[in-house]
Amino acid sequence: MRAADLELDLDVFTGPFDLLLTLVLREELDLLEVDLADVVLTYLDHLEGRGELDLEVTTEFLVLIAALLELKSRLMLPREEVDFDLELEPGEAAEELLARLLEAHRFRGAASFLADRLADEEGHRFRSAPLPPWLRRARTDEAPTGVYAPALLGAALGGLLRMPAPIDLHHVTDVKVTVSERVAHLRALLRRGSFDFDEAVARADRTTVAVTLFALLELYKRGEATWTQDEPFAAITVRASASAASEAARA
Amino acid sequence: MNEVERTLEALLFLSADPVPLDALAEAVQAPLHVTASALESLRESLDFERRGLVVREVAGGWAMSSHPDAEEAARRLLRKPRTPPLTPAQAETLAIVAYLQPVSRPEIARIRGVSAESAAATLIERGLIEEAGRSRFGAVLYRTTELFLRLFGLNEVGDLPDVAEWDPSPEVEAALRDRLLRAGEARAGLAPATDSA
Amino acid sequence: MNEVERTLEALLFLSADPVPLDALAEAVQAPLHVTASALESLRESLDFERRGLVVREVAGGWAMSSHPDAEEAARRLLRKPRTPPLTPAQAETLAIVAYLQPVSRPEIARIRGVSAESAAATLIERGLIEEAGRSRFGAVLYRTTELFLRLFGLNEVGDLPDVAEWDPSPEVEAALRDRLLRAGEARAGLAPATDSA
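None of the values given here were measured: they were computed from a predicted structure.

1. Quick notes on the overall build of chain A
A count of helical and extended segments in chain A gives 10 helices and 5 strands. Every one of the 251 residues in chain A was classed for burial, and the buried ones make up 34%. Pairs at least 24 residues apart make up 52% of the contacts formed inside chain A by residues separated by at least 6 positions. When the accessible area of chain A is evaluated, it comes to approximately 14900 Å², of which 56% is carbon and sulfur surface.

The following block contains the structure:
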């Protein structure tokens, strides 16, 4: 089964995965309303049911779902952001996605042409028999001399001696903020008992916001903090977790 | 059938690979144009007399093969199943190599959106593609082989149809682009655009 | 030529070994006597039309071969080493064997960063390299042949050109073998690509 055939039953959509993709690309279905986690869960159920792992299909699925996640995350980003020039604008992202779709379309067409052509040509079979014995072995003394240039070998070896260029990482931004820094920052705020997450990341850049979120998750894992949020996009109130608070009281 | 023609028929029978015209001419010790017209009349006589063999120009040389009409019987006799057809992954990888050669594996993976490793390995094993040196980053480049031309009945890679033949029509492309862009912009407009966070 | 005859001609062309009558009859789906007389008339028509091919009944069945008259031309065409240009993979493999011989296949693969299996097989088939015993770990070792020397116009392996001319980083001081292995591992992504030496 191809990943495209995966049957989905989501809140906003019921049908095969490839139809979902088509509808999203045609904007007939709002990607923001599609719960991609449900798509992944459906796929995991499917894998479980099959009991075997087809790597080709799984890879195809991962690529499709990753493309959707990328697109969805771009759609959710505020457009006015200018200081965040690492990423493409949604428009550029769509252009890039389109270019990829067109290129893939082109080569899928060429691929089916080749597959058909091979099938058509199959009737022309070639003989694969060894040469008769009297023709089989060429004698060295009958061989022409100097057909190949020795420089060919030197050049090939020179190519093999070349060290590949180190991978260029200059486009990756330096990490200016670390999780432990942000953990320390959050712990400082926690001493007040509770605080608003927005407060913790006031005037921070996007990377710092993300790292602060990681730091918060880390504190939750360690049982130092927990949080509440009344509704989506409402303020997130972070407070020291009960156990941490009691420990602090004992101390 | 004249002397040159029958000798050429014997040579093509013996040769496993397509033989270039000049090598045949040298072997039959006849001028190029005599050899070329003898090959042409050999090709015609096999066809005209409805024989079981076909002589064609493929992969830059002349080659003899069985007639497709004998395929059913050949399959019964040789008990060899058809050469396995190409899987979609192999066909796509082969198409990318055929049209963009020389092309590196990362480039193939980028176009396909999935790794091309196992498909490329199978195509190499089947002799349809081969290494063609290295990119400036040291990645192995691939190109199609002579066997590829032979199995696909092509004289040279240039005989492949223009890849643009499979492009979606400009209308479809424009509509797709338009929708993608509008989707992006509409969503961006709707998303919470506060910068206070 | 009728349907059975042309199919038989195609089948005999494809078969490397003599084919028993009953196997042919089964493949063309005709009774034994029909198949036998079709083979007979195929044999006669090839002979009568003075074609380059011969069909004969030999031990074990029917076989097709080239006409003995074409032997001289076949010798001119085939009995010389085939010297098509070396592919990049073949040139790399041959260079490694030539400069480091004797060298094992795993070592060649490590230096190249990709398997050298099919390139090595072709080089052996063309008589440019040959096996030279086994390493102490049991891997097959390769060395170049007399034919190699002749085709490259060399008197002995010591006459190979100095690599210095093509050396991208001549300042590095280490044995050729070590440097090749290091670069190969860096290409395969196993080692940092920095020039540590």
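There's more to say after this.
2. A closer look at the pairing of strand S4 (residues 129-134) of chain B
All names here are of chain B. With 4 bridges joining them, S4 and strand S5 (residues 140-144) adopt antiparallel strand pairing. If you follow Arg134 over to S5, its bridge partner there is Val140. Here S4 folds back onto S5, and the loop between the two strands holds 5 residues, one of which, Gly138, carries a positive phi near 90°.

3. Points about the nonpolar core
Within the largest apolar cluster, 43 residues are counted, with the highest numbers of intra-cluster contacts made by Leu11, Leu12 and Leu24 of chain B together with Leu11, Leu12 and Leu24 of chain C. When neighbours within four sequence positions are excluded, Leu11 of chain C is seen to be in contact with Ala73, Ala74 and Leu77 of chain B together with Leu24, Ala27 and Val28 of chain C. By size, the runner-up hydrophobic cluster in this structure holds 36 residues, among which are Leu153 of chain A together with Ile108, Ala120 and Leu128 of chain C.

4. Thoughts on the interface of chain C and chain A
On the chain A side, the residues contacting the 49 residues of chain C number 38 residues. Between chain C and chain A, roughly 3900 Å² of surface is buried when both sides are summed, and carbon and sulfur atoms account for 72% of that area. By the criterion of area lost to chain A, the three top residues of chain C are Arg79, Arg150 and Phe152 of chain C, representing 18% of everything that side buries. Linking chain C with chain A are 0 salt bridges, by the criterion used here. If you look at where chain C meets chain A, you find 7 residue pairs in polar contact (both at pLDDT 80 or more). Elements with a contribution of two residues or more to the side of chain C that touches chain A: helix H1 (3-14), helix H4 (71-78), helix H5 (88-100), helix H6 (105-112), helix H8 (146-151) and helix H9 (176-187) of chain C. Taken together, the residues of the side of chain C that touches chain A break down into 32 nonpolar, 3 polar and 14 charged.

5. Here's the deal with the sheet that holds strand S4 (residues 129-134) of chain C
Residue and element names in this part refer to chain C. Spatially, S3-S5-S4 is the arrangement adopted by the 3 strands of the open sheet, whose pairing is antiparallel. The open sheet has two edge strands with one neighbour each: strand S3 (103-104) and S4. The sheet strands contacting H5 are S3, S4 and strand S5 (140-144), and the helix crosses S5 at an angle near 85°.

6. Remarks on the packing of helix H6 (residues 151-161) of chain A against H5 of chain C
A pair of packed helices is captured by two measures, namely the crossing angle of their axes and the spacing between those axes. Taken N-terminus to C-terminus, the directions of H6 of chain A and H5 of chain C make an angle of 95°; their axes are 8 Å apart at the nearest point. Our classification of the angle between H6 of chain A and H5 of chain C gives roughly perpendicular. Facing H6 of chain A, whose interface residues are Leu152, Leu153, Gly154, Ala156, Leu157 and Leu160 of chain A, H5 of chain C presents Ala91, Glu92, Leu94, Ala95, Ile96, Ala98 and Tyr99 of chain C. In the contact of H6 of chain A with H5 of chain C, the residues fall into 11 nonpolar, 1 polar and 1 charged.

7. Things to note about the environment of Leu29 of chain A
Residue and element names in this part refer to chain A. Structurally, Leu29 is set in the loop between helix H1 (17-25) and helix H2 (36-50). Its relative accessible area of 12% is what places Leu29 among the buried residues. Separated by 16 residues in the primary sequence, Leu29 and Phe13 place their C-alpha atoms 8.4 Å from one another. Filtering out sequence-adjacent residues up to four positions away, Leu29 remains in contact with Val12, Phe13, Leu20, Leu23, Val24 and Val34.

8. Notes on the packing of aromatic side chains
Counted according to the given criterion, the structure contains 8 aromatic pairs over all chains. Relative to Trp166 of chain B, the ring of Phe113 of chain A lies with its centre 5.5 Å away and its plane at 45°, an arrangement referred to as tilted. One end of the pair, Phe113 of chain A, is in helix H4 (residues 90-121); the other, Trp166 of chain B, is in the loop between helix H8 (146-151) and helix H9 (170-190), on a second chain. On the basis of an interplanar angle of 35° and a centroid distance of 5.2 Å, the ring pair of Tyr148 of chain A and Phe152 of chain C is categorised as tilted. Taken as a pair, Tyr148 of chain A in the loop between helix H5 (133-136) and H6 and Phe152 of chain C in the loop between H8 and H9 lie in two separate chains rather than in one. The class for Tyr148 of chain A is buried, based on a relative accessible area of 8%. The structure contains a cluster of three or more aromatic residues connected by ring pairs, namely Phe107 and Phe113 of chain A together with Tyr99 and Trp166 of chain B. The residue whose ring lies beneath Arg150 of chain B is Phe126 of chain A, and the NZ or CZ to ring-centre distance is 5.0 Å.

9. As for the sheet that holds strand S3 (residues 194-196) of chain A
All names here are of chain A. Spatially, S3-S5-S4 is the arrangement adopted by the 3 strands of the open sheet, whose pairing is antiparallel. Both edges of this open sheet fall to S3 and strand S4 (225-229), since each of them pairs with a single strand only. Going across the sheet, the axis of each strand differs from the next one's by a mean of 25°, ignoring polarity. Two strands pair when backbone bridges link them, and S3 and strand S5 (residues 236-240) are joined in this way by 3 bridges, in the antiparallel orientation. Each bridged residue has a counterpart across the sheet, and for Asp196 the counterpart in S5 is Thr237. Across the sheet, helix H9 (residues 206-221) is in contact with S4 and S5; its angle to S4 comes to roughly 120°.

10. Observations concerning the pattern of salt bridges
Tallied over the full model, the rule gives 34 salt bridges over all chains. Ionic pairing is found between Arg51 of chain B and Glu49 of chain B, a salt bridge with its closest N-O pair at 3.8 Å. By relative accessible area, Arg51 of chain B is classed as buried at 1%. Members of the salt-bridge network, linked through shared partners, are Glu9, Glu49 and Arg51 of chain B together with Glu9, Glu49 and Arg51 of chain C.

11. Side note on the environment of His105 of chain A
By the secondary structure assignment, His105 of chain A is in helix H4. When near neighbours in sequence (up to four residues on either side) are disregarded, His105 of chain A contacts Trp166, Asp167 and Pro168 of chain B.

12. Describing the confidence of the model for chain B
Per-residue pLDDT for chain B averages 84, and the proportion of residues at 70 or more is 88%. The secondary-structure element of chain B with the lowest mean pLDDT is H9 of chain B, recorded at 64, while helix H3 (residues 32-48) of chain B shows the highest, at 95.

13. Side note on unusual backbone geometry
All names here are of chain B. Gln101 connects to Pro102 through a cis peptide bond whose omega is -5°. Checked against the element boundaries, Pro102 lands in the loop between helix H5 (88-100) and strand S3 (103-104). Even without being glycine, Gln29 reaches a positive phi, approximately 50°. Note that Gln29 resides in the loop between helix H2 (21-28) and H3. In this model, Ala59 sits at a positive phi of 50°, which is unusual for a non-glycine residue. Position of Ala59 relative to the elements: it lies in the loop between strand S1 (53-58) and strand S2 (61-66). Judged by its relative accessible area of 13%, Ala59 is buried.

Criteria and cut-off values
In this numbering scheme, every chain counts its residues from 1 along its sequence in written order. As they are written, the chains are lettered A onward and the ligands numbered 1 onward, keeping that order. pLDDT decides what is reported in this predicted model: residues at 70 or higher carry local features, side-chain atom pairs at 80 or more are listed and counted, and totals for whole chains, interfaces and linings draw on all residues regardless. The basis for the side-chain values is all heavy atoms of the structure; hydrogens and waters are excluded. Strands here are runs of E lasting at least two residues and helices are runs of H or I lasting at least four, both read from the DSSP assignment and numbered beginning at the N terminus. We call a residue buried when its accessible area falls under 20% of the maximum for its residue type, exposed when it is over 50%, and partly exposed in between, using a 1.4 Å probe and counting protein chains only. Throughout, a contact is declared for two residues whenever any of their heavy atoms are within 4.5 Å. The accessible surface values rely on the Shrake-Rupley method and a 1.4 Å probe; as for residues, cover is taken only from the protein chains in view. A pair of strands counts as paired when DSSP detects no fewer than two bridges linking them. To qualify as a nonpolar core, a set must consist of buried Ala, Val, Leu, Ile, Met, Phe, Trp, Tyr and Cys residues joined through side-chain atoms within 4.5 Å. Accessible area that two parts lose when put together, with a 1.4 Å probe and added across both, is what the buried area reports. Any carboxyl oxygen of Asp or Glu that lies within 4 Å of a side-chain nitrogen of Lys or Arg is treated as forming a salt bridge with it. Any pair of nitrogen or oxygen atoms within 3.5 Å is treated as a polar contact; in protein, a donor-acceptor pairing is required on top of that, and neighbouring residues in sequence qualify only through side-chain atoms on both sides. All residues other than Ala, Val, Leu, Ile, Met, Phe, Trp, Tyr, Cys, Pro, Asp, Glu, Lys and Arg, Gly among them, are scored as polar; the first ten of these are nonpolar and the last four charged. To get an axis, a line is fitted to the C-alpha atoms, and for a helix only the part in contact is used. The angle between two axes follows their N-to-C directions and goes from 0 to 180 degrees. Convention used here: angles under 35 degrees read as roughly parallel, angles over 145 as roughly antiparallel, angles from 65 to 115 as roughly perpendicular, and any remaining angle as oblique. Planes of paired rings set the category: under 30 degrees apart is stacked, over 60 is edge-to-face and the rest tilted, where pairs are Phe, Tyr or Trp rings (Trp by its six-membered ring) whose centres lie within 6.5 Å. Sitting over a ring, as applied to charges here, requires NZ of Lys or CZ of Arg to be within 6 Å of the ring centre and within 35 degrees of the ring normal. Residue-level confidence of the predictor is what pLDDT reports, using numbers from 0 through 100.

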